[in-house]
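Take a look at the letters that make up each chain.
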Amino acid sequence: MTKNGFNYALDFTSTDFRQQPHLYRIGVGEQGVLLVQPYKSEILPHWRFKTAQVALASAQKIYALFEEYLAQQDFVGADMARKFLQMGFTRARRYANHKGGRKYQASDTDHSADKPYPYSSGSAHKGNAVLPQEEDALTNEKAQAAAVFKEFWFRAKDHPEYFRQKQWFKEQYYEQ
């Protein structure tokens, strides 16, 4: 783990990050999005991307939670909402590119064996040939859903108050 990287060694089943924000690390991208409680339980029920219309309702709700967390000076909650918006984009894009959601050609070899988490998570076929992209990958329903989430994700990550709280959080809790 890097000095201030996301700490996968924590006991996520018993850690309440609202009560212990000093344990939280932003990490890279979506790291910890499905681990950090109580935020996962608060945000996940609203996360949907089946169609562009469903994605819009989902992204609007998650963005409203993002703004509520910011208003409460709850940076961890705001960052988790940002991660769910980002994950809405990345997962919808995955299904836009590959209808079944599978990116890699299957094989008998598990390329994730003996790799530390998070490299061991996800497809055991990472490293295999990438399956062909759908012909309508840039225009299909999931691509439209991804575009919705991308708009809200960028709005969140570029929000001035989010940036201010992120800087404060790092100064407060990260080793220099």
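Data block above holds the structure.
Residues numbered from 1 in each chain as written. Predicted model: local features only at pLDDT ≥ 70, side-chain atom pairs only at ≥ 80, totals over all residues. Heavy atoms only, no water.

Student: I would appreciate a short explanation of the pattern of salt bridges in the present structure.
Tutor: A side chain of one charge can pair with a side chain of the opposite charge when the charged atoms of the two come close. Applying the stated criterion to the full structure yields 8 salt bridges. In this structure, E42 engages R18 in a salt bridge whose closest nitrogen and oxygen atoms are separated by 2.9 Å. Of this pair, E42 sits in helix α1 (residues 39-43) while R18 sits in the segment before α1, and the two are 24 residues apart along the sequence. On the basis of relative accessible area, E42 is assigned to the partly exposed category, the value being 27%. (Salt bridge = Lys/Arg side-chain N within 4 Å of Asp/Glu carboxyl O. Helix = DSSP H or I, 4+ residues; strand = E, 2+ residues; numbered from the N terminus. Buried < 20%, exposed > 50% of the residue type's maximum accessible area, 1.4 Å probe, protein only.)

Student: Sorry, what's going on with the packing of helix α2 (residues 52-71) against helix α4 (residues 141-157) here?
Tutor: Geometrically, a packed helix pair is captured by the angle between its two axes and the distance between the axes. Where α2 contacts α4, the two axes come as close as 8 Å, and the packing angle between them is 15°. For the element pair α2 / α4, the angle class is roughly parallel. Of the two elements, α2 crosses α4, and the hand of that crossing is right-handed. Together, A52, A55, L56, S58, A59, Q60, I62, Y63 and F66 of α2 and E141, Q144, A145, V148, F149, F152, R155 and A156 of α4 make up the contact between the two elements. Of the residues in the contact of α2 with α4, the class split is 12 nonpolar, 3 polar and 2 charged. (Axes fitted to C-alpha atoms, helices over the stretch in contact; angles between N-to-C directions. Parallel < 35°, antiparallel > 145°, perpendicular 65-115°, else oblique. Left-handed = near helix turned anticlockwise from the far one by under 90°. Contact = heavy atoms within 4.5 Å. Nonpolar A, V, L, I, M, F, W, Y, C, P; charged D, E, K, R; others polar.)

Student: Honestly, the nonpolar core in this entry has me stumped. Any pointers?
Tutor: When a protein is soluble and globular, its nonpolar side chains tend to lie buried together. In terms of nonpolar packing, the biggest core is built from 39 residues, with Y24, V36, I43, M80, L85 and F149 touching the most fellow members. Residue assignment for this core shows that the elements contributing at least two residues are α1, α2, α3 (75-97), α4 and α5 (160-173). When residues of this core are assigned to their parent elements, the largest contribution, 10 residues, is made by α3. Dropping the residues within four chain positions of it, Y24 is found in contact with F6, F17, V36, F75, V76, D79, M80, K83, F169 and Y174. (Core = buried A, V, L, I, M, F, W, Y, C linked by side-chain atoms within 4.5 Å.)

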